[in-house]
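Single-letter residue listing:
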Amino acid sequence: MLHSLYNTSLSLLTDLYQLTMAYGYWKSGTAQKETVFNLYFRKHPFQGGFTVACGLSSAIEYLNAFSFSSDDVRYLSTLTGTDGQPLFDPAFLDYLQTLRFTGDIDAVPEGTVVFPNEPLIRVRGPILQCQLLETPLLTLINFQSLIATKAARMRLAAHDDTLLEFGLRRAQGIDGGMTASRAAYIGGCDATSNVLAGKLYGIPVRGTHAHSWVMSFDSELESFNVYADVLPNNVTLLVDTYDTIQGVRNAVEAGKKLRERGYQLSAIRLDSGDLAYLSMEARKLLDEAGFRETAIVGSNDLDEYLVTSLKEQGAKINIWGIGTKLVTAYDQPALGGVYKLAAIQNPAGQWDYKLKLSEQTIKISTPGIQQVRRYYNERGFISDMIYNEETPPAGPSTMIDPYDFTRQRRFADATTFEDLLVPVFRNGQTVYTTPDIQTVRNRVTTQLSQLHPGIKRFTNPHAYPVGLEQNLHQLRTDLILKLRQK
Ligand SMILES: Nc1ncnc2c1ncn2[C@@H]1O[C@H](COP(=O)(O)OP(=O)(O)OP(=O)(O)O)[C@@H](O)[C@H]1O
Ligand SMILES: O=P(O)(O)OC[C@H]1O[C@H](OP(=O)(O)OP(=O)(O)O)[C@H](O)[C@@H]1O
Ligand SMILES: O=C(O)c1cccnc1
């Protein structure tokens, strides 16, 4: 039975302004207005060409546990405004105590490769509830998608080598460490050093030993022999505490003793110096001594660029231990996912579409009850079209680049398509079976294998085509013009 950090109510894990707006809706009698919000991002992280959606299972747990306890409302009752008077009417706090999520959610399954402007989560329901979900949904999806994407890039760099996530000690706190371990596994790591993540999420755990083990003995060789004695079935020896080449020779000595007992020296680890040169030298020494099966682990501030470079240099590393730069998403510490109102139902039961204007074209939102249609040919997926479910494409449709309407595309070469958002909640009840973590991880592998290599490259990746279906594009354009005229 796996457990999670999100299955107790975390309803106060939100920004105060969500609660003041909720209060405003309640007080003005508009709390029940039916709305649709979309969660999406505008730009891939790491100047990359793809993003891996991650965090939905945490969001589902969060929503299932969503409620305000008497303790929560007691705290809210202590909040005061600028005049020192209570912020919230006690009747509103009573209302909060009975509040549950009653809406619908459609979402892209975890592990799906996604692109800018595509809704990853679409929330439909009373405006008060939808608004309260903005901050927690963004908290859960932004970070996990960021780390899953970073890990997927590491996986692309490492090809078929083993990838170990070693980041807990450098993570952004406990939750940063826990969710990073989960997302890193989904993105393509093979195991984590984080034992609690292993227990809670069912991720394989792996590890070597630290320099302190070696330093605690009078000699390196003695430290290796004792380690091999006590854990003969898990021997990876860290060889760089004093002199790496001598360390490899000592590992070979310890390995020979281990062999006499019927065990194998599983690996050595290099954690400093020139990892290309030292791994090639170590490989020679190991091979000459008959330890051809002994692997070489490389660690030390690695990222996808260094792994790529080291492989190009001919490094003989076949297991990569990656910590800081993975779990902190070092070169881009946040994914800028946003959550925008896209439609409000009017009293006649029709949708009034909503759009946020901006001087920056990229920040103008898109209205509509959005769905994403992904088109495939025999090699993989070739483009995505965002459409309004109220005006679905009838047959082959033209899609239009939201930032340049002269860029249009028809799907002449597509053989099949699939709609990416699937029903997750209906009337507040889960209608989705969360896949196990292995299935999610496999989805990432499959999806990346279907993506053109130009989109996966790290430098100036090719932009995957994503556009708006022509009716949605027209709706958006008309709304922009109308709002600008006001
Ligand atoms: N052949 C190489 N090509 C490019 N970068 C490398 C190579 N070998 C190691 N690096 C990287 O260079 C960076 C600095 O390594 P450096 O050798 O200065 O660390 P170190 O001082 O040996 O290690 P530490 O400070 O942990 O003891 C690390 O990110 C490391 O992974
Ligand atoms: O380098 P990372 O990708 O973050 O991987 C984790 C690092 O953590 C350990 O180092 P330690 O905490 O002993 O620090 P140090 O090697 O930097 O001295 C380990 O030896 C790795 O070098
Ligand atoms: O097991 C290891 O080698 C390890 C674990 C955490 C951080 N650095 C290394």
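Everything numeric in this text was worked out from a predicted model, so none of it was measured. Per chain, residues are indexed from 1 in the order of the written sequence. Here every chain gets a letter starting at A, and every ligand a number starting at 1, in the order they are written. Local features in this predicted model are restricted to residues whose pLDDT is 70 or higher, and side-chain atom pairs enter the listing and the counts only when it is 80 or higher, whereas totals over whole chains, interfaces and linings include all residues. Neither water nor hydrogens contribute to the side-chain values; these are computed over all heavy atoms in the structure.

Draft legend 1. Here's a closer look at the confidence of the model for the protein chain. Per-residue confidence from the predictor is reported as pLDDT, a score between 0 and 100. The predicted model of the protein chain has a mean per-residue pLDDT of 95, with 98% of residues at 70 or higher. What the predictor reports for the complex is a pTM of 0.97 with an ipTM of 0.96.

Draft legend 2. Molecular detail of the environment of Ser212. Position of Ser212 relative to the elements: it lies in helix 9 (residues 211-215). Considering only alpha carbons, one finds Ser212 and Thr241, 29 residues apart in sequence, at a separation of 8.8 Å. Numbering of helices and strands runs from the N terminus, with a helix taken as a DSSP run of H or I at least four residues long and a strand as a DSSP run of E at least two residues long.

Draft legend 3. View of the layout of surface pockets. Points on a 1 Å grid over protein atoms alone make up a cavity when a 1.4 Å probe fits among them but cannot get out, and a pocket when they form an open set with protein on both sides within 12 Å along at least five of seven lines; lining residues each have an atom within 4 Å of a point. Grid points are joined across faces, edges and corners, and a volume is the space filled by probe spheres set on the points. Considering only enclosed or pocket space, the largest pocket measures out at about 930 Å³ in volume. If you go around the largest pocket, you meet 36 residues; those closest to its centre are His462, Ala463, Tyr464, Pro465 and Val466. Elements supplying a minimum of two residues to the lining of the largest pocket: strand 15 (380-388), strand 16 (398-401), strand 17 (404-410) and strand 21 (466-469). Its residues assigned to classes, the lining of the largest pocket shows 16 nonpolar, 13 polar and seven charged. Polar here means any residue outside two lists: the nonpolar Ala, Val, Leu, Ile, Met, Phe, Trp, Tyr, Cys and Pro, and the charged Asp, Glu, Lys and Arg; Gly therefore counts as polar.

Draft legend 4. Examining the site of ligand 3 more closely. The cutoff for a nearby residue is simple: one of its non-hydrogen atoms must lie within 4 Å of the molecule or strand. Every residue lining ligand 3 is accounted for by Phe166, Arg169, Ser193, Gly207, Thr208 and Arg269. What qualifies as a polar contact is a pair of N or O atoms within 3.5 Å, subject to a donor-acceptor requirement within protein and to the restriction that residues adjacent in sequence count only when both atoms come from side chains. Residue Thr208 places a side-chain N or O atom 2.4 Å away from an oxygen atom belonging to ligand 3. The side chain of Arg269 places a nitrogen or oxygen atom 3.4 Å from an oxygen atom of ligand 3. For ligand 3, whose free accessible area comes to 260 Å², the fraction covered by protein is 81%. Split by residue class, the shell around ligand 3 holds one nonpolar, three polar and two charged. Values of accessible area rely on a 1.4 Å probe in the Shrake-Rupley scheme; residue burial ignores everything except the protein chains shown.

Draft legend 5. Local environment of the UniProt feature "domain: Nicotinate phosphoribosyltransferase N-terminal" (unreviewed entry) in the protein chain. Here the UniProt feature "domain: Nicotinate phosphoribosyltransferase N-terminal" (unreviewed entry) sits at residues 12-142. With 40% helix and 16% strand, residues 12-142 has its two end C-alpha atoms placed 19 Å apart. UniProt positions are given in the numbering used here, feature names are shortened, and annotations may be inferred rather than shown by experiment.

Draft legend 6. Expanded view of empty space enclosed by the protein. This structure, assessed with the given rule, holds three cavities of 30 Å³ or more. If you add up the space inside the largest cavity, you get close to 70 Å³. If you go around the largest cavity, the residues you meet are Asn38, Tyr40, Asn117, Ile362, Ile364, Ser365, Thr366, Gln370, Pro402, Tyr403 and Arg476. Broken down by class, the residue content of the lining of the largest cavity amounts to five nonpolar, five polar and one charged. Size it by volume and the second largest cavity reaches roughly 40 Å³. In terms of lining residues, the second largest cavity is bounded by Ala53, Cys54, Gly55, Leu56, Ala107, Val108, Glu110, Leu120, Ile121 and Ile141. Tallied by class, the residues present in the lining of the second largest cavity amount to eight nonpolar, one polar and one charged.

Draft legend 7. Looking closely at the packing of aromatic side chains. Each Phe, Tyr or Trp ring, with Trp reduced to its six-membered ring, pairs with another whose centre is within 6.5 Å; inter-plane angles below 30 degrees give stacked pairs, above 60 give edge-to-face pairs, and intermediate values give tilted ones. Counted according to the given criterion, the structure contains 18 aromatic pairs. Between Trp26 and Tyr95, the aromatic rings sit 6.4 Å apart at their centres with planes inclined by 40°, giving tilted as the arrangement. With Trp26 in helix 1 (residues 16-27) and Tyr95 in helix 4 (residues 90-98), this residue pair connects regions lying 69 residues apart in the sequence. Each residue's exposure class comes from its accessible area (1.4 Å probe, protein chains only) as a fraction of the maximum for that residue type: buried when under 20%, exposed when over 50%, partly exposed otherwise. For Trp26, a relative accessible area of 23% translates into the label partly exposed.

Draft legend 8. Seen up close, helix 13 (residues 304-312). Buried residues of helix 13: Glu304, Val307 and Leu310, and no others. Along the axis of helix 13, the buried positions cluster into a sector of 130°, meaning they face one direction only. Here a residue-residue contact requires only that any non-hydrogen atoms of the pair lie within 4.5 Å. Among the structural elements, helix 6 (134-158), helix 12 (275-288) and strand 11 (319-322) are those in contact with the buried residues of helix 13. Here helix 13 starts with a cap whose side-chain oxygen sits 3.1 Å from the backbone nitrogen of Tyr305, and that cap is Asp303. Where helix 13 ends, the next residue or the one after it, Gly314, has phi of about 90°, a positive value. To obtain the arc, one takes the directions from the helix axis to the C-beta atoms.

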